[in-house]
Amino acid sequence: MKTFKIGGIHPNDMKLSAGSTIREMAVPAEVKIPVSQHIGAPAQAVVAVGDTVKVGQLIAQATGFVSANIHSSVSGKVKKIEEFVDANGYKKMGIIIATEGDEWLESIDRTDAIRREVTMEPAEIIKRIQEMGIVGMGGATFPAHVKLSVPPGKKCETLIINAVECEPYLTSDHRLMLEHGEEVLIGVKILMHALGVAKAYVGIENNKPDAIDNLKRLAASFEGIEVVPLKLRYPQGGEKQLIDAITGRQVPSGKLPIDVGAVVQNVGTVFAIYEAVQKNKPLIERIVCVTGKPLREPSNFMVRIGTPVTALIDAAGGMPEDCGKVIGGGPMMGRPFTRLDVPVVKGTSGITLMSIEDSKRREASNCIRCAKCVNVCPMGLEPYLMSTLAKLGRYDDLREAHVMDCIECGCCIFTCPSNRPILDYVRAGKAKVGAQLRAEAAAHKAAAEAAKAKEAEGK
Amino acid sequence: MNKLTIAPSPHVHSGDSVRRNMFGVAIALVPALATSLWFFGLDALAVILTSVVACVAVEYLIQKFVLKVPTTISDGSAIVTGLILAFNLPPALPLWIVVVGAVFAIGVCKMTFGGLGQNIVNPAIGGRVFLLMSFPAQMTTWTVPGVDATTGATPLGLMKEGLKSGKSVSEIIGLPETSDLFFGGIGGSLGEVSALAILIGLAFLLIARIITWHIPVAVLGSMAALQGVFYVASPESFASPLFTLLTGGAMLGAVFMATDYVTSPMSGKGMVIYGCGIGVLTVLIRDFGAYPEGMSFAILLMNLVTPLINRFCKPKRFGEIAK
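Residues numbered from 1 in each chain as written. Chains lettered and ligands numbered in written order. Predicted model: local features only at pLDDT ≥ 70, side-chain atom pairs only at ≥ 80, totals over all residues.

A. Spotlight on the nonpolar core. Counting 226 residues, the largest nonpolar core has Ile 161, Val 188, Ile 273 and Leu 312 of chain A together with Cys 55 of chain B as the members making the most contacts within it. In contact with Leu 312 of chain A, other than residues within four places in its own chain, are Met 25, Val 288, Val 290, Phe 301, Val 303, Thr 307, Val 344 and Ile 351 of chain A. (Core = buried A, V, L, I, M, F, W, Y, C linked by C-beta atoms within 7 Å. Buried ≥ 20, exposed ≤ 12 C-beta atoms within 10 Å, placed from the backbone. Contact = placed C-beta atoms within 7 Å.)

This is the structure we're talking about:
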């Protein structure tokens, strides 16, 4: 069975909510919708306080190419447009809407019918995806249309669908493939058409045999779509790792998937694309997996964007006594919520609760140079060395050690027998080196422009 | 509601610990321990207990009274050092000398550099080499196991003496059978009497993922290869590769001493170079040096080269373009 070549770990996958069918969450009385739920420039609000909006109506317009539209997830009145503190503790501009009824835009197809016929031209498809505010749903939230707009001179040969869901606990992609398998495959067909590729692979880890079977069965009636079972191994859902696992090609350091002819989209994103293209539905709701050992009923919900996180926890059996940490996403790469009065956003793939005991890090001791961090690093780096260099502030050496290649997957900390906070230091060092690189690039650009100006003057 | 913890990811851990690895090594040493007790009896027990207790005590006392830091003896590393030091000593060694070895191993080789993880050379080997230099007579008085335990030379010692006095390999009398070398019952340090016992330990270390194959394979492979060349060239003046692998500290060194985390390289490639260095040096010392055995010296020398190896042997990076 296929997998990626370098490093990796086997965490306990803890898929507690794998058997729980996706339940529709009640529409909340109020939603908080941040205007920045994606990588790139924040969107600009196009509604004013007091305006009445419908479900699916554009409420904030993308500003630039790398940005995404935001649509209302409820119908009602715009109550406030103001800054509020987000899950990570930063102030973010957002639109607060008080719900009244559930009135959708007429243009959205709300029937259960599956629309199989793909009629749009590639350019139209990409434009529609851009209009509907689709972003990467695996958590990275990179605007989907940007990835689909292959730059001139590059060619996409392979479309890869990331259905790996390698984070422990999370099951939203798993349930999606079981309950909406055909829609997902139509989404894949749409993307193949948009990119002009004949071949697409859907990578699924072998801890989801039912999802593999379901998609394989359905894929028989689709041309060019191959379901690829992958050996359970974290971080297989990392874009570079997945491309390696499926095609055997490694994206070079500092390059993008398209440089090896690949475009990768998350399976959740593909479903959103299906709905956008075939049903004219913007990204206003998503599947969120609410899970964790202390939780009474680990569940998967279909949730309107902007729904408070607390409502989801309540729906999954309520906040348990024994909860020490609430993570946005899974336990390997997720970020803990600094507060719970925050909304579900486009990138909320899961909410994982940890018990008080599991929330503590164990005390760190001396590095024993066991090389386990080196062996598990999926990028082939030397985490022990990078953490020491970062700690000592030796940023030039850190750059030489290829710190910018680090994907922050957490395998090093996970495996360290001395419980050393290796990645904490590496992240800090990476931020410094990244800033250095940006400053150099800016200086380089300025110098080039100055030289050009001088040359023009000389003429 | 409880206060929520905020910490950067990851939020789960494998559960591995320094203690798990150290006690894993201790468990892997059990077969060798059992064979040494079987062949050498209470003498062996006395040396092992003295060594372990002395190593742990020295670490505790230094941390408590000299460094005034929390003690780390519960991590098990001093126990492992004590066991390995004992396995490198002759069974009849006076116990006070064992204590001196422990003081040098832990006190000088480990604690002066900052304790676990910071030392430059393997403490147990440092201790052994210190004793070999300081007490050459006591350190080379070997008990040959048997009903009436007698003293005598080790197989390597016999080979060296024989070859030095101008005999050819086939003329040297008293060399043990290969089966004895494998199953045990030869003269030597506590831990070197049975290759089989060490190999069982190796299997455990590999299965428990405490070490990787690189170092043991590189050490033993390079020893066999180089000795093989010499042997083929002149079978009457060199021991066979099999004899080389089964005698002295070859097995113990390759499996338990060269693989010490702290003093061996970090990358697979580096480990292979380091292992081959040990194998080649050992063979050269054994065949051409003054000592019959060279494993300890070879490991010690390669320990010193480890930082250099780490500098030049980097793991293969993802997406690395060949230059």
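B. Quick look at the sheet that holds strand β14 (residues 299–304) of chain A. Residue and element names in this part refer to chain A. Pairing is mixed across the open sheet formed by six strands, whose spatial order is β1-β14-β13-β17-β15-β16. Strand pairing shows two members of the sheet lacking a second neighbour, β1 (22–24) and β16 (335–336), which therefore form its edges. Pairing analysis gives three bridges linking strand β13 (residues 285–291) to strand β17 (residues 350–354), with the strands arranged parallel. Residue pairing for β17: Cys 289 is matched across the bridge by Gly 350. Where helix α3 (residues 172–179) meets the sheet, it contacts β1, β13, β14 and β17, and its direction lies at approximately 125 degrees from that of β13. (Pairing = 2+ DSSP bridges. Helix = DSSP H or I, 4+ residues; strand = E, 2+ residues; numbered from the N terminus. Axes fitted to C-alpha atoms, helices over the stretch in contact; angles between N-to-C directions.)

C. Up close: the domain arrangement of chain A. Domain annotation of chain A identifies domain 1 (23–279), domain 2 (305–359) and domain 3 (372–441). Each of domain 2 of chain A and domain 3 of chain A has a C-alpha centre, and these two points are 28 Å apart. (Domains from an automatic or database assignment.)

D. Region of the structure containing unusual backbone geometry. Geometrically, the link from Tyr 234 of chain A to Pro 235 of chain A is a cis peptide bond, its omega value of -5 degrees lying close to zero. Within the secondary structure layout, Pro 235 of chain A lies in the loop between β11 (225–230) and α6 (239–247). If you check the backbone angles, Glu 165 of chain A has positive phi at about 45 degrees while not being a glycine. Positionally, Glu 165 of chain A belongs in the loop between β9 (158–162) and α3. Among the residues examined, Glu 165 of chain A registers 33 C-beta atoms within 10 Å and is labelled buried. Unlike most non-glycine residues, Lys 68 of chain B shows phi in positive territory, near 55 degrees. By the element assignment, Lys 68 of chain B lies in the loop between α3 (42–66) and α4 (77–87).

E. Representation of the interface of chain A and chain B in the model. Facing 52 residues of chain A, the contacting portion of chain B comprises 34 residues. Those elements that provide at least two residues to the side of chain A that touches chain B are β15 (325–328), β16, α9 (356–359), α13 (411–415) and α14 (422–458) of chain A.

F. Geometry of the domain arrangement of chain B. Residue and element names in this part refer to chain B. Each assigned domain of chain B is listed here: domain 1 (18–138) and domain 2 (154–312). Each of domain 1 and domain 2 was reduced to a C-alpha centroid, and the two centroids are 21 Å apart. If you look at the interface, domain 1 gives 31 residues, while domain 2 gives 28 residues. Of all the elements in the fold, those that place two or more residues in the side of domain 1 that touches domain 2 are α1 (18–28), α2 (30–40), α3, α4 and α6 (123–134).

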